[in-house]
Structure formats: C-alpha cells, structure tokens
Amino acid sequence: MEMEAFVRKACKAVGERLGSGFRVEARDVRKNNGVILHGMSVIKKGQNVAPTIYLDTFLEAYESGAAFGTIMQRLLQICEESASGEDMDMGFFRSFEKVRDRICYRLVGRDRNRELLEDMPHVGFLDMAVCFFYAYQDEAFGEGSIPVHNPHMEAWETDTAELFALARRNTRRLFPWECRTLEEVLDELDGPSVQEDGWIGLPLRVLSNDRRAYGAACLLYPGVLEGIAEKEGCSFYILPSSVHEVILLPDDGEIVPDELKKMVAEVNRSYVAAEEVLTDSIYYFNMQKKEVVVA
C-alpha cells in the first residue's frame, strides 16, 4: 500500500474511534538530511498540544502481515498515553529574555540539509552546519527541543552571532560531555560482545553528551578536544558515527585516512538511520596546532 493511502486510512479509522472531540490530521515532517516522515496529529478540542504519531514503521508492519486492527489498537494506545490533558503555554517563546538561557546548538551535515538550513540561522563548521534549538523543560510535557528558525530570530531582534555565543555557553552546561571507551558504551547498550567481534583493546573512544542526543556537538565545546588530546598524549582522527556521537581514534602514524573514509561511508549506508547520518567525511585534531581539519 502506498504511504499516502495508508496515512489516510489510519487517520480516518483513528478519527472515527476517538469521536468528535478530536481532530485527526495527516502531517508530513521534514527531518534531518531531507528525510520526510509521515504521521498524523491528534488534536483534542480546546487544547493546543498536538502529538504527532509517525506511521512509517506501522506501514512496514502492515505490509509484513500485521492486522490493521492490531495496528489500530496500538495507535489508540499511543494517543491515550500522549494525552496530557493540559495545554502548553507558548507565550514565553516570544520573549528572548525568557529563552536565551536555554538556546543550544547541534551539528548537522551541510550538503544534505541545504534546503532545511535556508530557513534556519546557522554557522558553518568545516563541511557541517551549527544550528540552534531551544531546550525546553516542562513538568507536564517533560524535556524536548524547539528548532530555531529565521522568523524566531527576527522576532527576538537578535542575530546568528548572539545565538552562537549563547549556545556556546548553554549547551555545555545543559548537556555535559562524556568521553568513554567503545567497550563501555557497547556494554551499556547491551551491544555485541567486544571480545567476540575482536574490538577489545582498540584505542577507540566515543565522545557524546550525557543524553546521547545530538552529542556530536561536543566537538564544539571549548577546550574539550584539547583536553582529550593532552590526556591521551597524541593527535587523533574523528569519525562521525552519527549526529549523536563521534568516535576518536588516536593517530599512531600508520592510519590510512582513505580507508577510514570508506568505513564511515559504509557504516552510514548500512547501519545509521538516514535522518541520523552526520557526514561521510572524517576529521583530524592536531594536538600541536589545536585545530580540527577535514582529513
């Protein structure tokens, strides 16, 4: 079944089950790297919070043999779990003074996001782009992020330079960095045995933030790369595992950069979700010069 037909069918079925107190609408959402996810918004009358339920994986399940009735039950369960019964007051977002202490940044690939970046303030970093978001924290709705677009910047009467200065200060405070061995990260994620895969002993470290969300931005934190290089006593290659983390590989003088590039490109194609790919490039931090360059 085509995605559009499935979305229409799901929206109609959910709307009929929920009744006249709700409005169910199809919604396409542009994500990182030009990925379009297809979903539906379920809006309860009198409220301004409309959770979006993405339907792409539900279509995959349907085409794999799952009964539509079973899918409907899961969708209705998600609607029930998402219904907080409360409105989110977004009035604060019009005041720059109320948001400035939680303006943060993240890294995305520049080439794959040219269209997305046209409507977003951003700063170039190597062949990537630094863009901004507001990190919200709410008792009823938990934690989340709101991307900063050009109209927001204009309404706040600020500019990219000020946003970057604020994000440089806030992101490290709100999302502290961590650098751990690959074995430690895999053990935490219940990943494959590093001994069985022959990875034990490799001097790889994973740099991310404590949330494991858009942690590749830790590359931008002042003093972080310098401190790691000083502790390890060497320069290192930086492999962009995803937008959420990067892998650091000490330079032993025998590494062939072209082989690393091939490996990163293959991992991106085969194992990383399309919207989570950062870039196929690799980078190098020079300990003496204290700078990052494209390798």
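This report concerns the structure included in the present document.

Cut-offs applied
Residue indices follow the written sequence of each chain, beginning from 1 at its first position. It should be noted that, the model being predicted, local features are given only for residues of pLDDT at least 70 and side-chain atom pairs only at 80 or more, the latter also being counted only at that level, while totals for whole chains, interfaces and linings use all residues. Where side-chain values are given, they derive from all heavy atoms of the structure, hydrogens and water being excluded. Going along the chain from the N terminus, every DSSP run of H or I of four or more residues is numbered as a helix, and every run of E of two or more is numbered as a strand. Type-normalised accessible area, obtained with a 1.4 Å probe on protein chains alone, sets the label of each residue: buried when under 20%, exposed when over 50%, and partly exposed for intermediate values. Accessible surface area values rest on a Shrake-Rupley calculation with a 1.4 Å probe, where residue burial reflects the displayed protein chains alone. The positive count covers Lys and Arg only, the negative count covers Asp and Glu only, and His and the chain ends enter neither. To locate a charge, the coordinates of NZ of Lys, CZ of Arg, CG of Asp or CD of Glu are taken. The pairing criterion for strands is at least two bridges between them, as found by DSSP. To obtain each axis, a line is fitted to C-alpha atoms, and for helices this fit is confined to the stretch in contact; angles are then taken between N-to-C directions over 0 to 180 degrees. Only the six-membered ring of Trp is used, alongside the rings of Phe and Tyr, when aromatic pairs are assigned; centres must lie within 6.5 Å, and planes under 30 degrees apart are stacked while those over 60 apart are edge-to-face, with the rest tilted.

Each helix and strand in the protein chain was counted, giving 10 helices and 13 strands. If one aligns the C-alpha atoms of the protein chain with their principal axes, the spans along those axes are about 65 × 50 × 35 Å. Counting all 295 residues of the protein chain, 41% fall into the buried class. For the protein chain, the exposed surface amounts to about 16,100 Å²; the carbon and sulfur share of it is 48%. Taken as two groups, the 33 positive and 50 negative side-chain charges of the protein chain have centres that lie 4 Å from each other.

Take the sheet that holds strand E12 (residues 283-286) next. Pairing is antiparallel in the open sheet, where 6 strands are placed in the order E8-E9-E11-E10-E12-E13. Each of the sheet's edge strands pairs with one partner strand only, and the pair in question is strand E8 (177-181) and strand E13 (291-294). Mean inter-strand twist for the sheet, computed between neighbouring axes without regard to direction, equals 30°. Strand direction decides the pairing type here: strand E10 (residues 236-242) and strand E11 (residues 245-250), joined by 5 bridges, are antiparallel. Its bridge partner being in E11, phenylalanine 236 is matched across the sheet by proline 250.

Turning our eyes to something else, we now look at the packing of aromatic side chains. Two aromatic rings, taken as a pair, are described by how far apart their centres are and by the angle between their planes. All chains considered together, the criterion is met by 12 aromatic pairs. Taking 5.7 Å as the distance between ring centres and 35° as the angle between the ring planes, the aromatic pair formed by phenylalanine 6 and tyrosine 62 counts as tilted. Within this pair, whereas phenylalanine 6 is found in helix H1 (residues 3-18), its partner tyrosine 62 is found in helix H2 (residues 56-63), the two being separated by 56 residues in sequence. With a relative accessible area of 24%, tyrosine 62 lands in the partly exposed category. With centroids separated by 5.3 Å and ring planes inclined at 75°, the aromatic side chains of phenylalanine 93 and tryptophan 156 adopt a geometry described as edge-to-face. Residue phenylalanine 93 is found in the loop between helix H3 (68-82) and helix H4 (96-99), and its partner tryptophan 156 is found in the loop between helix H6 (150-155) and helix H7 (160-174); the two are separated by 63 residues along the sequence.

Counting buried residues in strand E9 (residues 205-209) gives 4 out of 5 residues, a clear majority hidden from the surface. Here E8 pairs with E9 via 5 bridges, running antiparallel. Its bridge partner being in E9, glutamate 178 is matched across the sheet by serine 208. In terms of strand pairing, E9 meets E11 through 3 bridges, oriented antiparallel. In the strand pairing of E11, leucine 207 is matched with valine 246.

Functional significance is not addressed by these values, which are geometric in nature.
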